[in-house]
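Structure assessment
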Amino acid sequence: MKYKVAIVDDEREYLEKISMLLDRYSQIKQKNVLFEVDIYSDGDKFLCGNPESYEIIFLDINMPGTNGMRTAKSLRAVNPTAILIFCTHYAQYAINGYEVSAFGYIVKPIEATSFNCNLDRAINALKVSQARKILVKTLHGVEIVPISDIIYVEVQIHNLYYYIFNYKNELEVYRTRGSMQEVCKVLSEFAFARCSACYLVNLRHVVSVANNEIVLRGGVTLPISRKFLKNFTDSFMKFLGGNGTINA
């Protein structure tokens with residue numbers, strides 16, 4: 001399995017060290033795990049690249065220009081699901097990590113044991129996420145869809161429309177027959193919530209919620225109806241806080 005990784009750090013020493021540790025990790029795994037690595041010397045260059053394409057990101061916090069925390073907030077606007085691991089000299093910054101859904105922290109100077117432990121957890125989390133799939137019967141056959149790729153589901157009369165990001169990071173739509181009740185039953189345990197009678201939203205792809213509207217990854221905007229406002233807001237806050245199960 002190959003994973004796309006970004007390393008963002010203004011210290012050349014750590015750009016080189018993390019790259020070396022990733023290479024050693026692949027060797028230990030006997031090439032069962034491979035990495036496609038891009039390096040950036042500051043947050044601005046990273047954000048001007050293609051931040052939505054990365055699955056794992058190692059990010060320094062104390063950088064000139066756009067620091068790591070502001071970079072992470074901008075990242076989450078376009079890539080809510082990436083594994084984000086902060087690398088920092090200052091362990092006290094860890095307390096702010098919940099704001100950007102940080103997956104882990106590595107305190108500099110970086111030790112191989114700590115690095116490999118964080119990377120093991122990251123790879124396992126990605127494997128679990130990628131393993132969760134559903135079958136969607138379309139007009140052209142059966143599509144196997146990773147649940148993590150579903151942005152939202154729309155119902156129109158007796159048709160369901162699954163909006164997903166494909167491997168090219170393009171929005172694609174699969175149409176099938178079914179009801180909102182049926183799809184809620186399948187996806188309720190995977191952090192989905194209804195924002196109206198017509199839409200079921202993957203909370204992992206929510207960029208912002210304001211003025212009774214949701215902005216999703218890719219710039220999609222959906223309304224929140226008055227009937228579903230409280231339930232959706234409660235579900236989203238639980239998701240952000242990591243508490244309990246999301247109820248569609």
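This one's a predicted model, so the numbers in the text were calculated from it and none came from an experiment.

1. Some thoughts on the nonpolar core
In this structure, Leu22, Phe35, Ile56, Phe58, Phe115 and Leu119 are the most contacted members of the largest nonpolar core, which totals 23 residues. Taken together, the elements giving at least two residues each to this core come down to strand S1 (2-8), helix H1 (12-28), strand S3 (56-60), strand S4 (83-88) and helix H4 (112-131). Take this core: its biggest share by element is 6 residues, from H1.

2. Things to note about the pattern of salt bridges
Per the stated rule, a full pass over the model turns up 5 salt bridges. The partner of Lys29 in a salt bridge is Asp120, and the shortest N-O contact between them spans 3.7 Å. With Lys29 in the loop between H1 and strand S2 (34-40) and Asp120 in helix H4, the pair connects residues that are 91 residues apart, well separated along the chain. Connected via shared salt-bridge partners are Asp9, Glu11, Asp60 and Lys108.

3. Focus: the pairing of strand S7 (residues 141-146)
With 6 bridges connecting them, strand S6 (residues 133-138) and S7 associate as antiparallel partners. When the bridges of S7 are listed, Ile134 appears paired with Val145. The hairpin formed by S6 and S7 contains 2 residues between the paired strands.

4. Topic: the packing of aromatic side chains
All told, the structure shown has 10 aromatic pairs when counted by the stated rule. Centroid distance Tyr3 to Phe35: 6.4 Å. Interplanar angle 40°. Geometry classified as tilted. Here Tyr3, found in strand S1, pairs with Phe35, found in strand S2; they are 32 residues apart in sequence, far enough to count as distant. Given a relative accessible area of 16%, Phe35 falls into the buried group. Between Phe86 and Tyr105 the ring centres are 5.2 Å apart and the planes differ by 35°, which places this aromatic pair in the tilted class.

Conventions adopted
- Residues numbered from 1 in each chain as written.
- Predicted model: local features only at pLDDT ≥ 70, side-chain atom pairs only at ≥ 80, totals over all residues.
- Heavy atoms only, no water.
- Core = buried A, V, L, I, M, F, W, Y, C linked by side-chain atoms within 4.5 Å.
- Buried < 20%, exposed > 50% of the residue type's maximum accessible area, 1.4 Å probe, protein only.
- Helix = DSSP H or I, 4+ residues; strand = E, 2+ residues; numbered from the N terminus.
- Salt bridge = Lys/Arg side-chain N within 4 Å of Asp/Glu carboxyl O.
- Pairing = 2+ DSSP bridges.
- Phe/Tyr/Trp six-rings, centres within 6.5 Å; stacked < 30°, edge-to-face > 60°.

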